[in-house]
Amino acid sequence: AQSVTQLDSQVPVFEEAPVELRCNYSSSVSVYLFWYVQYPNQGLQLLLKYLSGSTLVESINGFEAEFNKSQTSFHLRKPSVHISDTAEYFCAVSDRVGKLIFGQGTELSVKP
Amino acid sequence: DAGVIQSPRHEVTEMGQEVTLRCKPISGHDYLFWYRQTMMRGLELLIYFNNNVPIDDSGMPEDRFSAKMPNASFSTLKIQPSEPRDSAVYFCASSLGLAVYNEQFFGPGTRLTVL
């Protein structure tokens, strides 16, 4: 069975500081990994995904995540955060069929 | 396209009452998903449809929950009777296909409070 563990429920950081949101997964089959973002009072939006190929994937707003098979991790990073990055971030895993299994979420709070 | 539309955005009801949540998927999307988000259990898939047919309802918590999709542009999730533990945010999502290459687009959610 597949599962996802997000190691931090809350991550407070100051604006312009770097941030890492941790995600570990468990899967016995081919794995596909996703990060979704949920801004306050909104639905989830796809931030980035790893399906195959390069293990480093990037989003349009400066986030990146690296698929590490040996450590079964898919941590999300950003070198310099903005106030507007304040949101909840969900890591998810899927098999080829496409059903998503979500982690518990990490609340990123960016302070001025 | 306006995206996935859910109504109502907020619902407050009393225990024992029937609750109906509504969803309009993105036009042309063949798959529709219902999720529930709670503090305790996180985000869980309840059921999904393909071309209006329920494919997997293994996540539906119990018989009090039912979901229908009478046509390609409308789905409902009904709870009867409702209980306080059903309080959660319910999301609807749609996608072109189920394969991992097809992004799921989420609606804004319905926040349900059962008193």
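What you see is a predicted model, and the numbers here were worked out from it, not measured in a lab.

*Asks:* Help me understand the overall build of chain A, please; the structure alone is not making it clear to me.
*Replies:* When helices and strands are counted, chain A shows zero helices and 12 strands. The C-alpha atoms of chain A give 13 Å as radius of gyration, which agrees with the globular expectation for 112 residues (13 Å, within 12%). C-alpha extents for chain A along the principal axes are approximately 45 × 30 × 25 Å. Every one of the 112 residues in chain A was classed for burial, and the buried ones make up 46%. When the accessible area of chain A is evaluated, it comes to approximately 5,500 Å², of which 50% is carbon and sulfur surface.

*Asks:* Sorry, what's going on with the state of the cysteines here?
*Replies:* Simply put, disulfide is the name for a covalent bond between the sulfur atoms of two cysteines. Summed over the entire model, instances satisfying the criterion amount to two disulfides over all chains. The side chain of A:C23 participates in a disulfide bridge whose partner is A:C91; the two sulfur atoms lie 2.0 Å from each other. Torsion about the S-S bond of the A:C23 and A:C91 cystine: about -65°, corresponding to left-handed handedness. Note that A:C23 is positioned in strand β4 (residues 23-26) and A:C91 in strand β10 (residues 87-94), a separation of 68 residues in sequence. For A:C23, a relative accessible area of 0% gives the class buried. Disulfide pairing is shown between B:C23 and B:C92; the S-S distance is 1.9 Å. Residues B:C23 and B:C92 are joined through a disulfide that is left-handed, its torsion about the S-S bond being -65°. Highlighted residues: B:C23 in strand β3 (residues 19-24) and B:C92 in strand β9 (residues 88-95), separated in sequence by 69 residues. Given a relative accessible area of 2%, B:C23 falls into the buried group.

*Asks:* Which parts of the structure should I look at to understand the environment of A:E20?
*Replies:* All names here are of chain A. Along the polypeptide, E20 turns up in strand β3 (residues 19-21). Taking C-alpha positions, E20 is 6.7 Å from H75, a pair spaced 55 residues apart along the chain. Residues in contact with E20, not counting those within four places in the same chain, are H75, L76 and R77. Only 2.8 Å separates the side chain of E20 from the side chain of R77, close enough to count as a polar contact.

*Asks:* Is there a simple way to explain the nonpolar core in this structure?
*Replies:* Soluble globular proteins tend to pack their nonpolar side chains together in the buried interior. Of all hydrophobic cores here, the largest spans 28 residues; its most connected members are A:W35, A:L47, A:L48, A:F74, A:L76 and A:Y89. The element contributing the most residues to this core is β10(A), with four residues.

What counts and what doesn't
- Residues numbered from 1 in each chain as written.
- Chains lettered and ligands numbered in written order.
- Predicted model: local features only at pLDDT ≥ 70, side-chain atom pairs only at ≥ 80, totals over all residues.
- Heavy atoms only, no water.
- Helix = DSSP H or I, 4+ residues; strand = E, 2+ residues; numbered from the N terminus.
- Rg over C-alpha atoms; globule rule 2.2 N^0.38 Å.
- Buried < 20%, exposed > 50% of the residue type's maximum accessible area, 1.4 Å probe, protein only.
- Areas by Shrake-Rupley, 256 points an atom, 1.4 Å probe, with all protein chains shown as cover.
- Disulfide = S-S within 2.5 Å.
- Contact = heavy atoms within 4.5 Å.
- Polar contact = N/O pair within 3.5 Å; in protein donor to acceptor, adjacent residues only side chain to side chain.
- Core = buried A, V, L, I, M, F, W, Y, C linked by side-chain atoms within 4.5 Å.

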